[in-house]
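So the chains spell out like this:
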Amino acid sequence: MKIAVLKETVAGERRVSATPETVKKFIGLGAQVAVEVGAGAGASIADHAYADVGATVAGRAEVLADAGIVLGVQGPDPDTLGGLAPGAWIVAGLNPFGERARIDRYAALGAEALAMEFMPRITRAQSMDILSSQSNLSGYKAVLDAAAEYDRAFPMMMTAAGTVSAAKVLVMGVGVAGLQAIATARRLGAQVSATDVRAATREQILSLGAKPIFVEKVAGIEGEGSGGYATEMSDEYKAAQAELVSAHIAKQDIVITTALIPGRPAPRLISAAQVASMKPGSVIVDLAVEQGGNVEGAVAGEVVTVSGVRIVGHRNVPSRLSADASALFARNLFNFLSAFWDKEAGKPVLDEEIGNAVRVTQGGKVVHERLVS
Ligand code: NAD
């Protein structure tokens, strides 16, 4: 089995889908690995580091020739997949809802595309979950990005020249990214509060030493859908939440928003009026900006100032920590493929539960239930 590791082509993408560590492990399973020239450069991994562990380093056409598995961070541009063998697997974060037309192209190429963001949230798949590994780093980086834009310090400091008060940080959406944002802001000495629609997060917020801010007394709303994901909330809930946030947000220095609903635009959590209620010099980081944004006025790829408030909308935040993000992403892919490696067949053979969850194309067709309507 030959595994191809492609150089990412999307602008600003600095991650790579395999590291020398995972390449060595794939070779240990009996696979051959071919890495495209320069694939690791954005994550500070030199070509020779791959060659040193036994990979072939070559141009794209040579890397793709006869490959049974093609690895990527993002789904490769179908126009660059000339020579791909029919039935070859494409294993990457394919953004199946955002890049629906591309999924059709993979089907037309005869590829078997596996969307790693569809990994089921079950215990045995935790080590294969790219959303978790990358969100964790995003949550951390969001706080550092906020600190860099903020004209004040995070911790309280008592100096001979007087006291500097601690920054007040609100984290909205307490999933993987939000939990790491809370922990990071706490480590920097901020006073942290947090909110989510899932009641289960209250305990988690408390356990990290932050203050939970929750909508109470809205009957019949649990806020938790299947697999631990949020469901879209009722209008009643949204109104109650907006009111609570309005009162709280005006007193905050930093807000980090992370709220996502899979397959749907991100929920709008902060209106322009709420932005304007914050003190000048406050900072908002919108981690959902590429899914439509949690914050009115956030612009993907930009830091904008609205009513004196800086709204940070960096794209692809994990790529801003490209070395660690690559290391974890690469391990997720290795953990996935090695868990199903069939020694006799010399390749991975997926079971039904995980195979059906992640496989989006097969036999020339789009096969995933969430993509076929
Ligand atoms: P996510 O990225 O889908 O969403 C981020 C957070 O935003 C979630 O906590 C969500 O509840 C919240 N949110 C959505 N709408 C909101 C709104 N209107 N207002 C406020 N908050 C809102 O979530 P995630 O980080 O992927 O994690 C979701 C859950 O799944 C967590 O409990 C996590 O621990 C769990 N998880 C389990 C596994 C596993 O078992 N393999 C893996 C990863 C995550």
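Cut-offs used in this document
Residue positions are given per chain, counted from 1 along the sequence in the order it is written. Only residues with pLDDT of at least 70 get local features here, since the model is predicted, and only at 80 or more are side-chain atom pairs given and counted; chain-wide, interface and lining totals rely on the full set of residues. Numbered from the N terminus, helices here are DSSP runs of H or I no shorter than four residues, and strands are runs of E no shorter than two. C-alpha atoms define the radius of gyration in this analysis, and the globule rule sets the expected value at 2.2 Å times the number of residues to the power 0.38. Neighbour counting defines burial: a residue surrounded by 20 or more other C-beta atoms within 10 Å of its own C-beta is buried, one with 12 or fewer is exposed, and intermediate counts give partly exposed, using backbone-placed C-beta atoms. Here, residue contact means that the backbone-derived C-beta atoms of the two residues sit within 7 Å. Whether two strands pair depends on DSSP finding at least two bridges between them. Axis geometry follows a simple rule: fit a line to the C-alpha atoms, using only the stretch in contact for helices, then measure angles between N-to-C directions, giving values from 0 to 180 degrees. Each crossing gets its handedness from the near helix: less than a right angle anticlockwise from the far helix is left-handed, clockwise is right-handed. Each domain's limits were defined by an automated method or a database of domain assignments. In this count, Pro and Cys sit with the nonpolar residues alongside Ala, Val, Leu, Ile, Met, Phe, Trp and Tyr, while Asp, Glu, Lys and Arg are called charged and the others, Gly among them, polar. Buried Ala, Val, Leu, Ile, Met, Phe, Trp, Tyr and Cys residues whose C-beta atoms connect them within 7 Å together make up a nonpolar core. Working definition: the arc comes from the directions between the helix axis and the C-beta atoms, pointing outward to the latter.

Undergrad: Explanation requested: the overall build of the protein chain in the structure shown.
TA: Secondary structure assignment for the protein chain yields 11 helices and 19 strands. Rg of the C-alpha trace for the protein chain: 22 Å, near the compact-globule value of 21 Å for 373 residues, within the 12% margin. Considered along the principal axes of its C-alpha atoms, the protein chain spans approximately 65 × 50 × 35 Å. By residue count, 45% of the 373 residues in the protein chain fall in the buried class. Partitioning the contacts of the protein chain with sequence separation of at least 6, the portion at a separation of at least 24 is 64%.

Undergrad: I keep staring at the sheet that holds strand E1 (residues 2-5) and nothing clicks. Help me out?
TA: Sheets are built from strands paired through backbone hydrogen bonds, the pairs being either parallel or antiparallel. Taken together, 6 strands build an open sheet; the order of strands is E3-E2-E1-E4-E5-E6 and the sheet is parallel. Among the strands making up the open sheet, the edge pair consists of strand E3 (56-58) and strand E6 (112-115). Within this sheet the neighbouring strands show an average axis-to-axis angle of 20°, counted without direction.

Undergrad: Please explain the packing of helix H5 (residues 130-149) against helix H6 (residues 176-187) as it appears in this structure.
TA: Pairs of packed helices are described in terms of their axes, by the angle between the two and the distance that separates them. Running from N to C, H5 and H6 cross one another at 35°; their axes reach a closest spacing of 7 Å. At the point where H5 passes H6, the crossing takes the right-handed sense. Residues Ser132, Ser135, Asn136, Ser138, Gly139, Tyr140, Ala142 and Val143 of H5 touch H6, and the partners they reach there are Val176, Ala177, Gly178, Leu179, Gln180, Ala181, Thr184 and Ala185.

Undergrad: What exactly am I supposed to notice about the domain arrangement of the protein chain here?
TA: Often the size quoted for an interface is simply the accessible area lost on bringing the parts together. Its domain assignment divides the protein chain into domain 1 (2-118 + 321-360) and domain 2 (136-315). Contact residues are listed per partner, giving 5 residues for domain 1 and 4 residues for domain 2. Across the side of domain 1 that touches domain 2, the residue classes tally to 3 nonpolar, 1 polar and 1 charged.

Undergrad: Honestly, the nonpolar core in this entry has me stumped. Any pointers?
TA: A general trend in soluble globular proteins is that nonpolar side chains are found buried together. The biggest cluster of nonpolar side chains holds 105 residues, and the ones touching the most others in it are Val70, Leu71 and Ile256. For this core, the element with the most residues is helix H10 (residues 322-339), which contributes 8 residues. Here this core gathers at least three residues from each of two domains, domain 1 (2-118 + 321-360) and domain 2 (136-315). The residues contacting isoleucine 256, other than those within four sequence positions of it, are Ala142, Val143, Ala146, Val169, Val171, Ala181, Val285 and Leu287.

Undergrad: For this particular structure, what's the right way to read the environment of valine 164?
TA: Of note, valine 164 is situated in strand E8 (residues 162-164). In contact with valine 164, not counting residues within four places along its chain, are Ala153, Met156 and Met157.

Undergrad: Teacher, can you tell me more about helix H4 (residues 100-108) here?
TA: Each full turn of the α-helix corresponds to 3.6 residues, which orients residues three or four apart in the same direction. What H4 keeps buried is the set Ile103, Tyr106 and Ala107. An end-on view of H4 places all buried positions within 100° of arc, on one side of the element. Buried residues in H4 make contact with strand E5 (89-93), E6, strand E18 (361-362) and strand E19 (365-366). Directly beyond the C-terminal end of H4, a positive phi value near 80° is found at glycine 110.

Undergrad: Would you mind showing me how to read helix H1 (residues 20-28) here?
TA: Along H1, the residues that are buried comprise Pro20, Thr22, Val23, Lys25 and Phe26. Buried residues in H1 make contact with E1, strand E2 (32-36), helix H2 (47-52) and H10. Glycine 30 sits one or two residues past H1 and shows a positive phi near 105°.

Undergrad: Even after reading the chapter, I still don't get the environment of alanine 199, so can you show me in this structure?
TA: Relative to the elements of secondary structure, alanine 199 occurs in the loop between strand E10 (191-195) and helix H7 (201-207). Sequence spacing of alanine 199 and valine 215 is 16 residues, and the spatial spacing of their C-alpha atoms is 9.5 Å.

Undergrad: I keep staring at the pairing of strand E9 (residues 168-172) and nothing clicks. Help me out?
TA: Looking down a regular strand, the side chains alternate between one sheet face and the other. The buried count for E9 comes to 4 of 5 residues, which makes it a mostly enclosed element. Here 5 bridges tie E9 to E10, and the two strands are oriented parallel to one another. When the bridges of E10 are listed, methionine 172 appears paired with threonine 195. Where E9 lies against strand E12 (residues 254-257), 4 bridges are found, and the strand directions are parallel.

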